[in-house]
Amino acid sequence: MDVLVFLIPIALFLGALGLIAFLWSLKSGQYDDLEGAKWRILDDDDLPDRDA
Amino acid sequence: MTVHQRDWQAFVTPGKDGGVHMDLAVDGITCAACMGEIERGLKRLPGIRTARVNLTSQRLAVDWAEDLTGADEIVAELARLGYTAHPFDPASQKERQDKTGKELLRSLAVAGFAGMNIMLLSVSVWSGNATDITPETRDFFHWISALIALPTVAYAGRPFIRSAVNALAAGRLNMDVPIVIGVVLAVALSVIQTMQHQHHAYFESAVMLLFFLLVGRYLDHNMRGRTRSFAENIAALKAEVAARIGPDGTVREVPLSKVATGDLVLVSGGERVPVDGVVETGISEIDQSLVTGESVLVPVKPGQRVYAGTLNGAGALQVRVEAASGATLLDEVNRLLETASQAKSKYVRIADRAARLYAPLVHGAAALTFLGWLMAGLGWQPALVISISVLIITCPCALGLAVPAVQVVASGQLFRCGVLLNSGDAIERLSDVDTILFDKTGTLTLAEPELCTAIDPEDETIALAGRLALASRHPLSAALVKATGALKPLPDVSEVSGSGLETTVEGVVLKLGSALFCGASSEQIERVLQDNPGASLLAIRLGEQPVRLLPFRQSLRPDARRVVESLKDEGYRLEILSGDTVPSVALCAGTLGIEEWQAGMKPAQKIARLEALQKEGRKVLMVGDGLNDAPALAGAHVSLSPVSAVHLSQAAADAVFLGDKLQPVADALRLSKKARAAIEQNLWISALYNVIAVPVAVAGFVTPLMAAVAMSASSLAVTANALKLRWGESRPSSPIDEPRRGQRQPARG
């Protein structure tokens, strides 16, 4: 069972990584507009202009 | 609507990298197309760095380089795209970042992460205890759990610790006190157990408890945040600005917070007076219904006092801003407001009342358990362990969720009915109402006047008068335009300030205005007023024909009668307290079938009536909109105010309702009754849980596994019971969406 000494810290580290990712996304304002985000994927502004 | 320029500098705040920032409430954003259109359109302007629409809050945030584009160009571009936008006054927008919400979400994330990991370790220990875990491995797992749990409780527990400390410092008990005691004891006991190499530790109970409670808190906060931001948008769209006249005579529009005592403010015809002050120049008529409740227009001239929230008639006024001083109406209202709100703050929320009962009971039971085991011959330490396990299992997880869960669901439903809550405990207070006091003008009736008599659509004179009325901003003119449906204005209209309009049609003079202006006889005026008590009159005279008088009055809200009837059927005692004159209140009360009414009430009299009713032991709901209602709104057991109300009243009321209908009042009462029942059921579920769990804990049989399962089960039970409120509630058509539907479609492409 000695392997636990390594496995548990590794598991905790990976979990903490997820937590940090969430806190970062919160800080960068990704939860400010939950309605708008789902519509923005339909916005094709970033495609080259086909009319041209 | 206004001709003068707005002083944009007052709305702009410094942004990043030397740029400037502005927040705007935009009317009519409904879909993704609007969002893309606005953002693309604005980015075409030079110097725009970011333009981002928030679809949830219907707001637009723009950052730009100030030297390249002006704020007025941004609003002009939005107008060109087909959207009306109003900037937020930076001073009134205290919480742009929503700090509390983010703190709760961060705590929630930390508690969730810690809870999952500790649970993982705990489940291993529980299964190991049943099989053959070595003591070393168990200690190792417990120590890691402690390592995660201690910082988590310190971090994620802050909202509860803060609130508990504040309550204790004020000498009160609230729900957070037993929560904090339970969590702290659970963690401390677990650390001691770990040091002594015991089989059980309660880290996961403490952290999971915090996690569940934070979920409740966050949902509650989010719901109220949504209401608040919606209310702020309405305030910004109502354009709370004043046209200030500078020392050089220029007129610029500034937010109200930038207007100081002694400033001179221009009030154009048909606009609301933005400030309290004294008229310097100009004559006009003022609709004071929001302030005094009187529906008749009052003439004003230089030297007279006007109040914020009143509607100016035709003439332009220059008003010198005054701080309220001495025995004015506003001072009286403010003084009454203060004493009235003190009386209300004595109300104790259900959750805190439950905590007052619950905390001594549970803590007493724990102490008795300790003494009991001690006397039964157990050592002091195992006795202490058992008594703390009593505290842990009774830790008011369900109790802490019982009330907020219901409040979240109920306030969401109220939001859909068009009722926005100002205070969180309004729901529980609404539910014990048995008497409803209505103000008349602006509450039972709509704020705008309407023609009382039917008009003949073939009548040429009235049709001409309607076209003439297009030239004026006077509220009665606007009502005449609405009644006649006039579209084409007449040429060459001259306005006699404070009296009326005049023009020539095919060589004949047409006059529209006050009865005196058109030369009506006093008998004629009296006759019309007898038929239409409390009406305001508009006179028409075509050439030498006899004068025609049209009576106008604020009409009742379209569903007022039906709602009043249904409220009476449900056994509420209804009463009208109005500042208006006797005949018009009598007429209104007669139409609605309300037997008890009083007219000509001053703010102090309204309060006195309220207190008399409350002394009789009645729980009073006050519904009102005027400045004269504000003290009564603050003093009543609970109060509602329409969104058209003056600022002070809206702030004093517990909830605000939207739209032209009275139905939200009835909806609020009905929903709050259901919510109250659900709250009580939830409290019973929690009590039942404790009745079962406490004896087991007292007997010393509680293991951490049992605590975790019982706690989660009781939390889920109360949450499910709260969600039950939604069942069978057909979604009413939302008055919030109505004005948007069918509105102008912005030009695409």
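Here the residue numbering is sequential within each chain, running from 1 through the sequence in written order. By the order in which they are written, chains take letters starting at A while ligands take numbers starting at 1. Local features in a predicted model are, by the rule used here, given only for residues with pLDDT of at least 70; side-chain atom pairs are given and counted only at 80 or more, and totals for whole chains, interfaces and linings are based on all residues.

An unreviewed UniProt entry lists chain B under the name Cation-translocating P-type ATPase, from Roseibium aggregatum. The Sequence similarities (unreviewed entry) field of the UniProt record for chain B holds the comment "Belongs to the cation transport ATPase (P-type) (TC 3.A.3) family. Type IB subfamily." UniProt positions are given in the numbering used here, feature names are shortened, and annotations may be inferred rather than shown by experiment.

An unreviewed UniProt entry lists chain A under the name Cbb3-type cytochrome oxidase assembly protein CcoS, with Roseibium aggregatum given as the organism.

(A) Here's a closer look at the packing of helix 19 (residues 560-569) of chain B against helix 24 (residues 663-698) of chain B. All names here are of chain B. Throughout, an axis means a line fitted to C-alpha atoms (over the contacting stretch in the case of helices), and angles, computed between N-to-C directions, take values from 0 to 180 degrees. Helix and strand definitions follow DSSP, with helices as H or I runs of at least four residues and strands as E runs of at least two, each counted in order from the N terminus. Where helix 19 meets helix 24, the axes come as close as 9 Å, and the angle between the chain directions of the two elements is 25°. Judged on the interaxial angle alone, helix 24 and helix 19 are roughly parallel. Residue-level inspection shows Val 563, Ser 566 and Leu 567 of helix 19 in contact with helix 24, the latter providing Gln 663, Val 665 and Ala 666. Throughout this entry, Asp, Glu, Lys and Arg are counted as charged residues, while Ala, Val, Leu, Ile, Met, Phe, Trp, Tyr, Cys and Pro are counted as nonpolar. The remaining residues, Gly among them, count as polar. The residue inventory of the contact of helix 19 with helix 24, partitioned by class, reads four nonpolar, two polar and no charged. For this classification, under 35 degrees means roughly parallel, over 145 means roughly antiparallel, 65 to 115 means roughly perpendicular, and everything else is oblique. We call two residues in contact when the distance between their C-beta atoms, placed using the backbone, is within 7 Å.

(B) Representation of the pairing of strand 10 (residues 277-281) of chain B within the structure. Residue and element names in this part refer to chain B. Bridge analysis of strand 10 against strand 13 (residues 305-306) gives two bridges, and the strand direction is antiparallel. Looking across to strand 13, one finds that Gly 277 is bridged to Val 306. Two elements, strand 10 and strand 15 (residues 317-321), share four bridges in a ladder whose sense is antiparallel. Within strand 15, the position partnered with Gly 277 by the bridge is Val 321. When DSSP finds two or more bridges between two strands, those strands count as paired.

(C) Spotlight on the sheet that holds strand 14 (residues 311-312) of chain B. All names here are of chain B. Taken together, three strands build an open sheet; the order of strands is 12-11-14 and the sheet is antiparallel. Strand pairing shows two members of the sheet lacking a second neighbour, strand 12 (298-300) and strand 14, which therefore form its edges. Bridge count between strand 11 (residues 284-287) and strand 14: two bridges; the pairing is antiparallel. Looking at the pairing, Asp 287 lines up with Leu 311 of strand 14.

(D) Highlighting the packing of helix 5 (residues 158-169) of chain B against helix 6 (residues 176-195) of chain B. Residue and element names in this part refer to chain B. Helix 6 packs onto helix 5 with a crossing angle of 125° between their chain directions and a minimal axis gap of 8 Å. With respect to helix 6, the axis of helix 5 lies oblique. Of the two elements, helix 5 crosses helix 6, and the hand of that crossing is left-handed. Between helix 5, through Phe 160, Ile 161, Ser 163, Ala 164, Ala 167 and Leu 168, and helix 6, the contact on the second element is made entirely by Asp 176, Val 177, Ile 179 and Val 180. Split into classes, the residues belonging to the contact of helix 5 with helix 6 amount to eight nonpolar, one polar and one charged. Crossing chirality is assigned from the near helix's rotation relative to the far helix, an anticlockwise turn below a right angle marking it left-handed and a clockwise turn marking it right-handed.

(E) Quick peek at the domain arrangement of chain B. Residues and elements named next belong to chain B. By the assigned domains, chain B splits into domain 1 (1-87), domain 2 (99-228 + 372-407 + 673-726), domain 3 (428-446 + 557-669) and domain 4 (447-555). The domain boundaries here were taken from an automatic or database domain assignment. When each unit is reduced to the centre of its C-alpha atoms, the spacing between domain 3 and domain 4 is 32 Å. Counting residues at the interface gives ten residues for domain 3 and six residues for domain 4. Elements that contribute at least two residues to the side of domain 3 that touches domain 4 include exactly helix 14 (440-444), strand 18 (445-451) and helix 20 (582-592). At three residues, the largest contribution of residues to the side of domain 3 that touches domain 4 is made by helix 20. When grouped by side-chain class, the residues that make up the side of domain 3 that touches domain 4 number three nonpolar, six polar and one charged.

(F) Broad picture of unusual backbone geometry. Residue and element names in this part refer to chain B. You will see that His 197, though not glycine, has its phi angle at about 55°, which is positive. Here His 197 lies in the loop between helix 6 and helix 7 (203-237). If you check the backbone angles, Glu 506 has positive phi at about 50° while not being a glycine. Here Glu 506 is to be found in the loop between strand 20 (500-505) and strand 21 (508-513).

(G) Quick peek at the pairing of strand 11 of chain B. Residues and elements named next belong to chain B. Neighbour density around each residue's C-beta defines its exposure: 20 or more other C-beta atoms within 10 Å make it buried, 12 or fewer make it exposed, and counts between make it partly exposed, where C-beta atoms are placed from the backbone. Side-chain alternation along strand 11 places Ser 284 and Ile 286 on one buried face and Glu 285 and Asp 287 on a second face that is also buried. Pairing analysis gives three bridges linking strand 11 to strand 12, with the strands arranged antiparallel. Counterpart to Ser 284 in the pairing with strand 12 is Val 300.

(H) Local environment of the confidence of the model for chain B. Residue and element names in this part refer to chain B. Think of pLDDT as the predictor's per-residue confidence, scored from 0 to 100. Looking at chain B as a whole, the pLDDT averages 80, with 88% of positions reaching at least 70. Ranking the elements of chain B by mean pLDDT puts strand 1 (residues 5-6) last, at 63, and helix 4 (residues 135-156) first, at 93. For this predicted complex, the interface confidence comes out at an ipTM of 0.82, alongside a pTM of 0.72.

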